[in-house]
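Topology and contacts: notes
These are the residues of each chain, in order.
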Amino acid sequence: MSFLSRLFGKAGSARSPKDIDAELARLEQEAEAASPGYVGTAFNKAGDLALRDGQGERAVAYYGRAIDAFLEDEQRELARGIANKIIRVRLSAIRTLSTLTWLDLAAQHRATALLHLRDYALASREGGVGARAATQIFEMARLTADTEFVDAAADELDKLDFPNRASDLRRWASDGGSPDAIRDGDELNHACLDAAVRSNDPDTELISDERPDTESV
């Protein structure tokens, strides 16, 4: 049996739907009552239970709540682990790919940051959310001092049809990073975790590709 078949197949579950729903409700209550640092654990268990029962979409929703909780508690590696679970279920999970890229930047894992950046931009183009992705990618490039990542981010902005912003990034790369680049590891870690938490905020102002001298301040 394939990996995805094991994830989505119901053969391994001997519980009735009523039992599953009752257990998921219990885990939600557990999450609500949990102390800081343990909220994500309950949601992760709920996601695992839903996944074993073949409820893939429900599992992804629980995993998303687990990620948010772990990010709020600054438990970066636990959030990364849950994000990777989502990617196994849904390869094009756009917000999750954004989160993974932010976590890679926080940990200064260049190789995986570049891979997740590419996958994030591609999924965003295919999902029709290019402006939101461009906003996130531009912010990533603004904060990191890794000029290789900044160059790669410029390439992705070109593909997202933000050539002027891409030009800004290439200028930053040639200058050794943006004026706002964070070079202290701890500060970068906190800034990236905060950005990951806010990455799906519907009130986030999206960038345009107008040149800086024509944009409103």
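To be clear, the structure that these remarks concern was listed above.
What you are looking at is a predicted structure, and each value in this text was computed from that prediction instead of being measured.

Definitions and cut-offs
Within every chain, residues take consecutive numbers counted from 1 along the sequence as written. The model is predicted, so local features are restricted to residues of pLDDT at least 70 and side-chain atom pairs to those at 80 or more, both for listing and for counting; the totals for chains, interfaces and linings are taken over all residues. Remark: hydrogens and water are excluded; side-chain values derive from all non-hydrogen atoms of the structure. By definition, any uninterrupted DSSP run of H or I lasting at least four residues is a helix, any uninterrupted run of E lasting at least two residues is a strand, and each is numbered from the N terminus. Only protein chains enter the accessibility calculation, which uses a 1.4 Å probe; a residue is then buried when its area is under 20% of its type maximum, exposed when over 50%, and partly exposed in between. Any two residues whose heavy atoms approach within 4.5 Å are treated as being in contact. Here the accessible surface of atoms and residues is derived via Shrake-Rupley with a 1.4 Å probe, and residues count as covered only by protein chains that are part of the display. For a helix, the expected span equals 1.5 Å multiplied by the number of residues minus one. Directions pointing from the helix axis toward each C-beta atom define the arc. Pairs of N or O atoms within 3.5 Å make up the polar contacts considered here, provided that, within protein, one atom can donate a hydrogen while the other can accept it, and that residues adjacent in sequence are counted only when both atoms are side-chain atoms. For Phe, Tyr and Trp, where Trp contributes only its six-membered ring, two rings pair if their centres lie within 6.5 Å, and the inter-plane angle classes them as stacked under 30 degrees, edge-to-face over 60, or tilted in between. Criterion for a charge above a ring: Lys NZ or Arg CZ within 6 Å of the ring centre, and within 35 degrees of the ring normal. Only the stretch in contact is used when fitting a helix axis, every axis being a line fitted to C-alpha atoms; angles between N-to-C directions are given from 0 to 180 degrees. Working rule for angles: under 35 degrees goes down as roughly parallel, over 145 as roughly antiparallel, 65 to 115 as roughly perpendicular, anything else as oblique. Salt bridges are identified by distance alone: a Lys or Arg side-chain nitrogen within 4 Å of an Asp or Glu carboxyl oxygen.

Concerning the overall build of the protein
- The number of helices and strands found in the protein is eleven helices and zero strands.
- Counted from the first residue to the last, the protein has its helices and strands arranged as α-α-α-α-α-α-α-α-α-α-α.
- Burial status across the protein gives 44% buried among its 217 residues.
- Pairs at least 24 residues apart make up 61% of the contacts formed inside the protein by residues separated by at least 6 positions.
- In the form shown here, the protein has an accessible surface area of approximately 11,100 Å², with 49% of it arising from carbon and sulfur atoms.

Things to note about helix H9 (residues 147-159)
- With 13 residues, H9 extends 19 Å between its outermost C-alpha atoms, agreeing within 8% with the 18 Å of an ideal straight helix rising 1.5 Å per residue.
- Buried within H9 we find Phe149, Val150, Ala153, Ala154, Glu156 and Leu157. The buried residues of H9 occupy an angular sector of 165° when the element is viewed end-on, so they sit on one face.
- Packing partners of the buried residues in H9 comprise helix H6 (94-107), helix H7 (110-127), helix H8 (130-143) and helix H10 (163-174).
- Sitting at the amino-terminal end of H9 is aspartate 146, which places a side-chain oxygen 3.0 Å from the backbone nitrogen of glutamate 148.

Description of the packing of aromatic side chains
- For the coordinates displayed, the defined rule picks out one aromatic pair.
- Centre to centre, the rings of phenylalanine 138 and tryptophan 172 are 5.1 Å apart; their planes meet at 50°, and the pair counts as tilted. Taken together, the positions of phenylalanine 138 in helix H8 and tryptophan 172 in helix H10 put the pair 34 residues apart, joining distant regions of the chain.
- Judged by its relative accessible area of 11%, phenylalanine 138 falls in the buried class.
- Accessibility expressed as a relative area gives 11% for tryptophan 172, which makes it buried.
- Positioned over the ring face of phenylalanine 138 is arginine 165, at 4.9 Å from the centre of the ring.

Focus on the side chain of histidine 116
- On the secondary structure map, histidine 116 appears in helix H7.
- Residue class for histidine 116 comes out buried when judged on its relative accessible area of 15%.
- Here histidine 116 is in contact with Leu97, Leu100, Thr101 and Asp104, once residues within four sequence places are set aside.

Here we look at the packing of H6 against H8
- Axis separation between H6 and H8 bottoms out at 11 Å; the angle between their running directions is 0°. As far as their axial angle goes, H8 and H6 are roughly parallel. Contact residues: Ser98, Thr101, Trp102 and Leu105 in H6; Gln136, Glu139, Met140 and Leu143 in H8.

Here we look at the pattern of salt bridges
- In this structure the tally under the stated criterion is 21 salt bridges.
- Linking glutamate 57 and arginine 90 is a salt bridge whose minimum nitrogen-to-oxygen distance equals 2.5 Å. On the criterion of sequence distance, the pair formed by glutamate 57 in helix H4 (residues 56-72) and arginine 90 in the loop between helix H5 (76-89) and H6 is long-range, its members being 33 residues apart.
- Arginine 198 is the partner of aspartate 194 in a salt bridge, and the nearest nitrogen-oxygen pair spans 2.9 Å. With a gap of four residues between them, aspartate 194 and arginine 198 both fall in helix H11 (residues 185-198), about one helical turn apart.
- A relative accessible area of 42% means that arginine 198 is categorised as partly exposed.
- Connected via shared salt-bridge partners are Arg76, Glu77, Arg80 and Asp104.

Here's the deal with unusual backbone geometry
- Despite not being glycine, glutamine 108 shows a phi value in the positive range, around 60°.
- Looking at the secondary structure, you find glutamine 108 in the loop between H6 and H7.
- Positive phi is not limited to glycine here, since aspartate 161 has a value of about 70°.
- Along the chain, the position of aspartate 161 falls in the loop between H9 and H10.
- Given the relative accessible area of 59%, aspartate 161 is considered exposed.

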